[in-house]
Amino acid sequence: QVQVVESGGDSVQAGGSLRLSCAVSGSILSIKDMGWYRQAPGKQRELVAALRSGDNTDYADSVKGRFTVSREKGKNTMYLQMNSLKYEDTGVYYCKVMVVTSSPVRRADYWGQGTQVTVSS
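Each chain has its residues counted from 1, following the order in which its sequence is written. The predicted nature of this model means local features are confined to residues of pLDDT at least 70 and side-chain atom pairs, given and counted, to a pLDDT of 80 or more, with totals for whole chains, interfaces and linings taken over all residues. Only hydrogens and water are set aside when side-chain values are computed; all heavy atoms of the structure are taken into account.

A. Just the layout of surface pockets, in detail. A cavity here means a set of 1 Å grid points, computed over protein atoms only, where a 1.4 Å probe fits but cannot escape. A pocket is an open set with protein on both sides within 12 Å along at least 5 of 7 lines, and lining residues have an atom within 4 Å of a point. Grid points are joined across faces, edges and corners, and a volume is the space filled by probe spheres set on the points. Of the volumes computed, that of the largest pocket is approximately 200 Å³. A breakdown of the residues in the lining of the largest pocket according to their chemical character gives three nonpolar, three polar and four charged. For this classification, Asp, Glu, Lys and Arg are treated as charged, while Ala, Val, Leu, Ile, Met, Phe, Trp, Tyr, Cys and Pro are nonpolar and the rest, including Gly, are polar.

B. Summary view of the state of the cysteines. Counting rule for disulfides: a pair of cysteine sulfur atoms within 2.5 Å. Overall, the coordinates contain one disulfide when judged by the stated rule. In this model, Cys22 is linked to Cys95 through a disulfide, with the two sulfur atoms separated by 2.0 Å. Its S-S torsion of about -70° marks the bond between Cys22 and Cys95 as left-handed, since a negative value means left-handed. Of this pair, Cys22 sits in strand 3 (residues 18-26) while Cys95 sits in strand 9 (residues 91-102), and the two are 73 residues apart along the sequence. Take Cys22 and Cys95: they sit in the same class, and that class is buried. Secondary structure is summarised from DSSP: a helix means a run of H or I of at least four residues, a strand means a run of E of at least two, and numbering begins at the N terminus for each. Classification of residues uses two cut-offs on accessible area relative to the type maximum, computed with a 1.4 Å probe and protein chains only: under 20% is buried, over 50% is exposed, and between them is partly exposed.

C. Fine view of the environment of Cys22. Classification of Cys22 as buried rests on a relative accessible area of 0%. The sequence separation of Cys22 and Lys86 amounts to 64 residues, and the corresponding C-alpha distance is 22 Å. Apart from the residues lying within four places of it in its own chain, the contact partners of Cys22 are Val4, Val5, Glu6, Trp36, Asn76, Thr77, Met78 and Cys95. A contact between two residues is defined here by any heavy atoms of the two lying within 4.5 Å.

D. Representation of the packing of aromatic side chains in the model. The rule is short: rings of Phe, Tyr and Trp, with Trp giving its six-membered ring, pair when the centres are within 6.5 Å, and they are stacked under 30 degrees, edge-to-face over 60, tilted in between. Taken as a whole and judged by the stated rule, the model has two aromatic pairs. Where Tyr94 meets Trp111, the ring centres are 6.4 Å apart and the plane angle is 80°; that geometry is what we call edge-to-face. Of this pair, Tyr94 sits in strand 9 while Trp111 sits in strand 10 (residues 105-111), and the two are 17 residues apart along the sequence. What makes Tyr94 buried here is its relative accessible area of 14%. What links up through ring pairs into an aromatic cluster is the set Tyr37, Tyr94 and Trp111. Geometrically, a charge over a ring is one whose NZ (Lys) or CZ (Arg) sits within 6 Å of the ring centre while staying within 35 degrees of the ring normal. A cation over a ring is seen here: Arg19 above Tyr79, with NZ or CZ 4.1 Å from the ring centre. A cation sits over an aromatic face here: Arg45 above Tyr94, 3.7 Å from the ring centre.

Shown next as structure tokens:
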């Protein structure tokens, strides 16, 4: 069993900041990729930021320069620091991880339940 839990969502005014957290636990041998996705009302879920093997990062054009994804060394926790928030950043933010589980040994993707971010203009 693998658990993925997001936290940190809140309501803020435009220009404000938030930090989201994603904690991964369970029967894990390793974490391969981690990513933040968001889904705005009436829109499809989209990739916001990814943290890949070798600490390579990838960002959606709309958040470059404002959002920073990171992982706490030695821990299965990922963060998304969001600065200069805009109204269009509003949505449910989901954490997705690709892990190698220990029993059975296999690669699998897991999603969290999401955390709401609301930015008022």
